Amino acid sequence: MNGETREMEKMKGGMKVMHGEMAGMEGKGKKGGCKGHGKGMGKGHHGMHGMKEMEESPKEYAYVREVKTGFDETVAKVKEELKKEGFGVLSEVRVDTLFKEKLGLEMEPYVILGACNPKFSSQLIGIDINSGSFLPCNIVVYVKEGKTYVGLLLPTKAMSITGNDKLLKVAGEVEGILKDVIERT
C-alpha cells in the first residue's frame, strides 16, 4: 500500500507538468493553439501531439481488441485470464479517476494494469539487469465512444530497442501469452 501511495505522489508531480503544458492549448487542431507549436502545424495536427495518428495505427506498438463486455466485467476477466497464465497484477491505475481528481478532466473509464509473471521477469533480469525497466507489462482497458477495448503494449516492440536477441526471445513468449489472454477476454 505504501508503494502505491508513493507511486501516486510521483504521478501527481507529472500531472502538474502535463496540466501546465495542456493549459496552453486553445483549440484542438487550430494553428498556434499549442504552446511551442505556433507555426507550421497546418493540416494533420490534431491538438494532442499526434493522438489521431496513434489511434489510427495502434498495431505498430500495441495489440488492441474491441470486446463485447462492459468495462468492469472486462477488467475482471482480464485479471482472471492473467492469473490462469501465472501473471499477477502489480499495479492498477484508474486513469479516468486520476485525471478527474488532479486535472478536473472528464473521460470514459480507463485503467492501466501492470501485469507480471515472476518466471519471465527473472529470465529477463537474468539476461540483462536493466531490462527490469520494461516491467511490468502494461495492459489497458478503456471505453471509447461507448465501446470497450483491451490493449497491450507489445513486449517485442518495447524490447526491440535493446537489440538483444535473448531478451527478444523471452519477450516473444510473453507477448504470445498476453495476446491469448486478450483474445479470451
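Nothing here was measured: the structure is a model prediction, and the numbers come from that model. Counting starts from 1 at the beginning of each chain's written sequence and moves along it residue by residue. Selection of residues for local features in this predicted model requires a pLDDT of at least 70, selection of side-chain atom pairs for listing and counting requires 80 or more, and totals for whole chains, interfaces and linings are taken over all residues. In computing side-chain properties, one takes all heavy atoms of the structure into account and sets aside hydrogens as well as water.

Q: Describe the nonpolar core, and please don't skip the residues or the numbers.
A: Nonpolar side chains in soluble globular proteins tend to be buried together. Nonpolar cores were defined as sets of buried Ala, Val, Leu, Ile, Met, Phe, Trp, Tyr and Cys residues, with membership established by side-chain atoms within 4.5 Å. Burial classes follow relative accessibility: with a 1.4 Å probe on protein chains only, a residue under 20% of its type's maximum area counts as buried, one over 50% as exposed, and anything between as partly exposed. Leu82, Phe87, Ile139 and Leu178 are the most contacted members of the largest nonpolar core, which totals 28 residues. At the level of elements, β1 (62–67), α3 (71–84), β3 (110–116), α5 (118–127), β4 (137–144), β5 (147–153) and α7 (165–184) are the ones that each hand at least two residues to this core. Residue contributions to this core peak at eight residues, all from α7. Discounting chain neighbours no more than four positions away, the residues touching phenylalanine 87 are Leu82, Ala115, Cys116, Asn117, Phe120, Val174, Ile177 and Leu178. By definition, any uninterrupted DSSP run of H or I lasting at least four residues is a helix, any uninterrupted run of E lasting at least two residues is a strand, and each is numbered from the N terminus. Working rule for contacts: check all heavy atoms of both residues, and any pair within 4.5 Å makes them a contact.

Q: Describe helix α4 (residues 95–103), and please don't skip the residues or the numbers.
A: Listed as buried for α4 are Val95, Asp96, Leu98, Phe99 and Leu103. Here the buried residues of α4 occupy an arc of 165° about the axis, which is enough to place them on one side. Phi turns positive, to about 70°, at glycine 104, one or two residues after α4. To obtain the arc, one takes the directions from the helix axis to the C-beta atoms.

Q: Describe the pattern of salt bridges, listing the residues and the values that go with them.
A: Criterion for a salt bridge: a side-chain nitrogen of Lys or Arg within 4 Å of a carboxyl oxygen of Asp or Glu. Tallied over the entire structure, the rule returns 11 salt bridges. Linking lysine 79 and glutamate 92 is a salt bridge whose minimum nitrogen-to-oxygen distance equals 2.7 Å. Note that lysine 79 is positioned in helix α3 and glutamate 92 in strand β2 (residues 88–94), a separation of 13 residues in sequence. Exposure remark for lysine 79: the relative accessible area of 30% places this residue in the partly exposed category.

Q: Can you tell me about the packing of aromatic side chains, naming the residues and giving the values?
A: Ring geometry is summarised as follows: Phe, Tyr and Trp rings, the Trp one being its six-membered ring, pair when their centres sit within 6.5 Å, and such pairs are stacked at plane angles under 30 degrees, edge-to-face over 60 and tilted between the two. Using the criterion set out here, one finds three aromatic pairs in the structure. Taking the centre distance of 5.4 Å and the plane angle of 15° together, the rings of tyrosine 110 and tyrosine 142 count as stacked. Taken as a pair, tyrosine 110 in strand β3 and tyrosine 142 in strand β4 lie far apart in primary sequence, 32 residues in all. Accessibility expressed as a relative area gives 23% for tyrosine 110, which makes it partly exposed. Members of the aromatic cluster, each reached through a chain of ring pairs, are Tyr110, Tyr142 and Tyr149.

Q: Account for the packing of α5 against α7, with residues named and values stated.
A: A fitted line through C-alpha atoms serves as each axis, taken over the contacting stretch for helices, and the angle formed by two N-to-C directions is quoted from 0 to 180°. The geometry of α5 relative to α7 is characterised by a closest axis approach of 9 Å and an angle of 165° between their N-to-C directions. Overall, the two elements α5 and α7 adopt an arrangement that is roughly antiparallel. When you trace α5 past α7, the crossing you get is left-handed. For the pair α5 and α7, contact is made by Phe120, Gln123, Leu124 and Ile127 and by Lys166, Leu167, Val170, Glu173, Val174 and Ile177, respectively. Residues were grouped as follows: Ala, Val, Leu, Ile, Met, Phe, Trp, Tyr, Cys and Pro as nonpolar; Asp, Glu, Lys and Arg as charged; and all remaining residues, including Gly, as polar. The residue inventory of the contact of α5 with α7, partitioned by class, reads seven nonpolar, one polar and two charged. Any angle from 65 to 115 degrees is called roughly perpendicular, while one under 35 is roughly parallel, one over 145 is roughly antiparallel, and all others are oblique. Two helices cross in a left-handed way if the nearer one is turned anticlockwise from the farther one by less than a right angle. They cross in a right-handed way if the turn is clockwise.

Q: Mind laying out the environment of alanine 115, listing which residues take part and the relevant values?
A: With respect to the helices and strands, the residue alanine 115 is situated in strand β3. The spacing of alanine 115 and serine 91 is 24 residues in sequence and 7.4 Å in space, taken between C-alpha atoms. Among all residues touching alanine 115, those that are not within four sequence positions of it are Leu82, Phe87, Gly88, Pro136, Cys137 and Ile139.

Q: Would you mind going over the confidence of the model for the protein in detail, with residue names and values included?
A: The predictor attaches a confidence to each residue, called pLDDT, with possible values from 0 through 100. Predicted confidence across the protein gives a mean pLDDT of 78, with 68% of residues reaching 70 or more. Predicted confidence is poor over residues 1–58, with pLDDT under 50, and the contacts of this stretch with residues over four places away or in other chains come to 42 contacts.

Q: Describe the side chain of threonine 148, and please don't skip the residues or the numbers.
A: Secondary-structure assignment places threonine 148 in strand β5. On the accessibility criterion, threonine 148 (5% relative accessible area) is buried. By the criterion applied in these results, polar contacts are pairs of N or O atoms within 3.5 Å in which, for protein atoms, one can donate a hydrogen and the other can accept it, and in which residues neighboring in sequence qualify only through two side-chain atoms. A polar side-chain atom of threonine 148 sits 3.1 Å from the main-chain carbonyl oxygen of threonine 69. Those residues within four positions of threonine 148 in sequence are excluded, and the remaining contacts are Arg65, Glu66, Val67, Thr69, Gly70, Phe71, Thr74, Val141, Tyr142 and Val143.

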